[in-house]
Amino acid sequence: MEQEPKQKGGPGFGAAAMALLCLVLAVCLAGDQGRWVQAAAPVELELPRTASQVSTTTQVGSRVIPVGRAVGIKLFSDGVLVVGLSPVETEKGACYPGRDSGLKAGDVITHLNGDEVDTIEQVQNVVAQQEGEPITIQAMRGQKQVQLTAAAVENSQGVYQLGVWLRDSMAGIGTMTFYDPSSGVFAALGHGINDVDTAMLMPLESGSIMGASVSDVKRGLSGEPGELHGQFDLSQDLGTLYANTDRGIFGNLAVPEPLVEQQPVEVASRKDIHTGAATILSNVRGNQVEEFDVNITHISSDADGTRSLMLQVTDPELLEATGGIVQGMSGSPILQDGRLVGAVTHVLVNDPTRGYGILAETMCKAAGSN
């Protein structure tokens, strides 16, 4: 769940505050680990990498099953993301080998000395083996490839460091929007998984989803977005991811039975959507999907964006349980006149009863274009 920007006195937006708890592996290339919670479920996860999955479909069908179930999501980056640069404290004072090499926050390191790297541990091993000798770094900076050279320095504890903070995986809880029984494709979130420090879309190497149960809700208040807390079922992966895009995450569902309970409905086109009464399907307690009343108050002319619909929560039960839209509900399907019209994507920080949504047809197009 993202938040609407703070500007012109209006509610606030943080691209880094979406509907995911993120368990982050961040190290300064010396074996230290840091934990970053982006929003939601307080869980510790082991994150073994799985083989990447490529979508076998080029088009999602015109009838899909709205889901609304909370799922655990784990994502592994394609390369290692630089999230920060820091000094290395040596006996001679502070040194900045990473910064001085030209590395920048947001760079994605793909190769060291010509060898591909995808994990923090791989980077650490190269740094340790080189013992201060120059390391050739290949990285992606946006769409441009850069090549740099850096030499780690020995800190005051005798450990070689580059002074670079890295991230290679994320995990959290979000909501599945729909499942297409004709192709086996699922969609979730309605927006991408972004790094909290750089706001960059995490490059996907592989990932999967698991069952999840909502154990607790922090109610949303004005100026303080609420969030879902959940527990993951680590015993089984239910599907694999093939795309992390700014319009949602997409994958192939191997085990639909625990998640998919609704019947297929038609995907609405923009011309079919109107302001007025609608509902959302959301999982705000246990593993129960419930239908709640909302109003669509505005339809944007930007049909391809993640804020094409403005929503007002009107359901007394949801307002009592959560205060409105909270982080973790991102991806909740929006239904109107028996059709799937979109998915919840943002919450207004200063008014948790209001938020934004993406059009379902936009998500379907994004699912089929990857």
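Residues numbered from 1 in each chain as written. Predicted model: local features only at pLDDT ≥ 70, side-chain atom pairs only at ≥ 80, totals over all residues. Heavy atoms only, no water.

(A) Layout of the packing of aromatic side chains. Per the counting criterion, the structure on display carries 0 aromatic pairs. Seen from the ring of Tyr-96, Arg-99 lies directly overhead, with NZ or CZ sitting 3.9 Å from the centre. The positively charged end of Arg-307 is found above the aromatic ring belonging to Tyr-356, 6.0 Å away from the centroid. (Phe/Tyr/Trp six-rings, centres within 6.5 Å; stacked < 30°, edge-to-face > 60°. Lys NZ or Arg CZ within 6 Å of the ring centre and 35° of its normal.)

(B) Inspection of helix 2 (residues 120–130) at higher detail. Ile-120, Val-123, Gln-124, Val-126 and Val-127 are the residues of helix 2 that are buried. The buried residues of helix 2 occupy one face: seen down the axis, they fall within an arc of 165 degrees. Here the buried face of helix 2 lies against strand 3 (70–85), strand 6 (108–112), strand 8 (134–141), strand 11 (160–161) and strand 12 (164–180). Looking at the residues trailing helix 2, positive phi occurs at Glu-131, about 50 degrees. (Buried < 20%, exposed > 50% of the residue type's maximum accessible area, 1.4 Å probe, protein only. Helix = DSSP H or I, 4+ residues; strand = E, 2+ residues; numbered from the N terminus. Arc of directions from axis to C-beta. Contact = heavy atoms within 4.5 Å.)

(C) Structural detail: the layout of surface pockets. Estimates place the volume of the largest pocket at around 200 Å³. Surrounding the largest pocket, Asp-78, Val-108, Thr-110, Met-140, Gly-142, Gln-143, Met-200 and Pro-203 form its lining. For the lining of the largest pocket, the per-class residue count stands at 4 nonpolar, 3 polar and 1 charged. A volume near 170 Å³ is recorded for the second largest pocket. Taken together, Gln-59, Val-60, Gly-61, Ser-62, Val-267, Ala-268, Ser-269, Glu-361, Cys-364 and Lys-365 make up the lining of the second largest pocket. In terms of residues, the lining of the second largest pocket owes the most to one element, helix 4 (residues 360–368), which gives 3 residues. Looking at the lining of the second largest pocket residue by residue, the classes come out as 4 nonpolar, 4 polar and 2 charged. (1 Å grid on protein atoms, 1.4 Å probe; cavity = no way out; pocket = protein on both sides within 12 Å on 5 of 7 lines; lining within 4 Å. Points joined across faces, edges and corners; volume = space filled by probe spheres on them. Nonpolar A, V, L, I, M, F, W, Y, C, P; charged D, E, K, R; others polar.)

(D) A look at a negative patch on the surface. Residues Glu-91, Glu-131, Glu-133 and Glu-154 make up a contiguous surface patch of negative charge. Judged by its relative accessible area of 41%, Glu-154 is partly exposed. (Patch = residues over 30% accessible without salt bridge, like charges linked within 9 Å, V, L, I, M, F, W, Y side chains within 5 Å. Areas by Shrake-Rupley, 256 points an atom, 1.4 Å probe, with all protein chains shown as cover. Salt bridge = Lys/Arg side-chain N within 4 Å of Asp/Glu carboxyl O. Lys, Arg positive; Asp, Glu negative; His and termini not counted. Charge placed at Lys NZ, Arg CZ, Asp CG, Glu CD.)

(E) Seen up close, the pattern of salt bridges. Within the structure shown, the criterion is met by 12 salt bridges. In this structure, Asp-195 engages Arg-167 in a salt bridge whose closest nitrogen and oxygen atoms are separated by 2.0 Å. Of this pair, Asp-195 sits in the loop between strand 13 (185–188) and strand 14 (204–218) while Arg-167 is found in strand 12, placing the two residues 28 residues apart along the sequence. On the accessibility criterion, Asp-195 (0% relative accessible area) is buried. Across the salt bridge formed by Arg-247 and Asp-246, the nearest N and O atoms sit 2.8 Å from each other. One continuous salt-bridge network, built from bridges that share partners, spans Arg-167, Asp-195 and Asp-197.

(F) Quick peek at the nonpolar core. Ranked by internal contacts, the top residues of the largest apolar core, which has 29 residues, are Ile-273, Ile-280, Ile-296, Leu-309 and Ile-334. The biggest single contributor to this core is strand 19 (residues 288–299), with 4 residues. Ignoring sequence-local partners within four residues, the contact set of Ile-280 consists of Glu-290, Glu-291, Phe-292, Val-294, Leu-318, Met-329, Pro-333, Ile-334 and Val-344. Core analysis: the next-biggest nonpolar cluster, separate from the first, contains 24 residues, Ile-65, Leu-75, Ile-193 and Leu-253 among them. (Core = buried A, V, L, I, M, F, W, Y, C linked by side-chain atoms within 4.5 Å.)

(G) Here's a closer look at the pairing of strand 19. In terms of strand pairing, strand 18 (residues 276–285) meets strand 19 through 8 bridges, oriented antiparallel. When the bridges of strand 19 are listed, Thr-279 appears paired with Asp-293. Hairpin connection between strand 18 and strand 19: a loop of 2 residues separates the two successive antiparallel strands, and Gly-286 in this loop has a positive phi of roughly 55 degrees. In terms of strand pairing, strand 19 meets strand 20 (residues 309–313) through 5 bridges, oriented antiparallel. Bridge pairing in strand 20 places Ile-299 opposite Leu-309. (Pairing = 2+ DSSP bridges.)

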